[in-house]
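# Architecture and fold: a report
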Amino acid sequence: MGEGRGSWTGPGGLRVTAVRLTGSHAVWADFAGVRGATALLVTRDGVPVGRGYYPSVDDLAEIVDLAELRSE
């Protein structure tokens, strides 16, 4: 996925976006049990995948095949 921040897409409408946890992102991430300054938001066609927010790439790799993601 690389070191830069941004967005990545995958098959079937999958989207991974690095987000700052402020405002509504902070509220939803807290609800998902994710705390910190940033997280990875995962959606498929606009609907959260799993818990939606993931604190690290390692956590994300448990639900998404990282090899299928492409940088936007």
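Structure first, text after, so check above.
Report on the accompanying structure.

So, how was this worked out
Residues numbered from 1 in each chain as written. Predicted model: local features only at pLDDT ≥ 70, side-chain atom pairs only at ≥ 80, totals over all residues. Heavy atoms only, no water. Helix = DSSP H or I, 4+ residues; strand = E, 2+ residues; numbered from the N terminus. Rg over C-alpha atoms; globule rule 2.2 N^0.38 Å. Buried < 20%, exposed > 50% of the residue type's maximum accessible area, 1.4 Å probe, protein only. Areas by Shrake-Rupley, 256 points an atom, 1.4 Å probe, with all protein chains shown as cover. Lys, Arg positive; Asp, Glu negative; His and termini not counted. Charge placed at Lys NZ, Arg CZ, Asp CG, Glu CD. Core = buried A, V, L, I, M, F, W, Y, C linked by side-chain atoms within 4.5 Å. Contact = heavy atoms within 4.5 Å. Pairing = 2+ DSSP bridges.

## What to know about the overall build of the chain
When you go through the chain residue by residue, the secondary structure sums to two helices and five strands. Going from the N terminus to the C terminus, the chain shows its helices and strands as β-β-α-β-β-α-β. Scaling as 2.2 N^0.38, a compact globule of 72 residues should have a C-alpha radius of gyration of about 11 Å, and the chain matches this with 11 Å. Seen through its C-alpha atoms, the chain measures out along the principal axes to roughly 30 × 25 × 20 Å. Among the 72 residues that make up the chain, the fraction classed as buried is 31%. Approximately 4,500 Å² of the chain is accessible, and the part contributed by carbon and sulfur atoms is 51%. Placing the 7 positive and 9 negative side-chain charges of the chain at their respective mean positions leaves the two points 6 Å apart.

## Overview of the nonpolar core
General note: in soluble globular proteins, nonpolar side chains tend to be found buried as a group. Ranked by size, the top nonpolar core spans ten residues in total: Trp8, Leu14, Val16, Leu40, Val42, Val49, Tyr54, Leu60, Val64 and Leu69. Secondary structure elements with two or more residues in this core: strand E2 (14-20), strand E3 (38-44) and strand E4 (47-54). Leu21, Ala29, Ala32 and Val34 belong to the second largest nonpolar core, which has eight residues in total.

## Focus: the side chain of Thr17
Among the secondary structure elements, Thr17 is positioned in strand E2. Setting aside residues up to four positions removed in sequence, Thr17 forms contacts with Gly6, Ser7, Ala39, Leu40 and Leu41.

## Overview of the pairing of E2
In regular strands, side chains alternate between the two faces of the sheet. Sheet topology places strand E1 (residues 7-9) next to E2; three bridges connect them, and they run antiparallel. Its bridge partner being in E2, Ser7 is matched across the sheet by Thr17. Taking the residues that link successive antiparallel strands as the turn, the E1-E2 hairpin has four residues, and the phi of Gly12 there is positive, at about 70°. Pairing of E2 with E3 involves seven bridges; the strand directions are antiparallel. Looking at the pairing, Ala18 lines up with Leu40 of E3.

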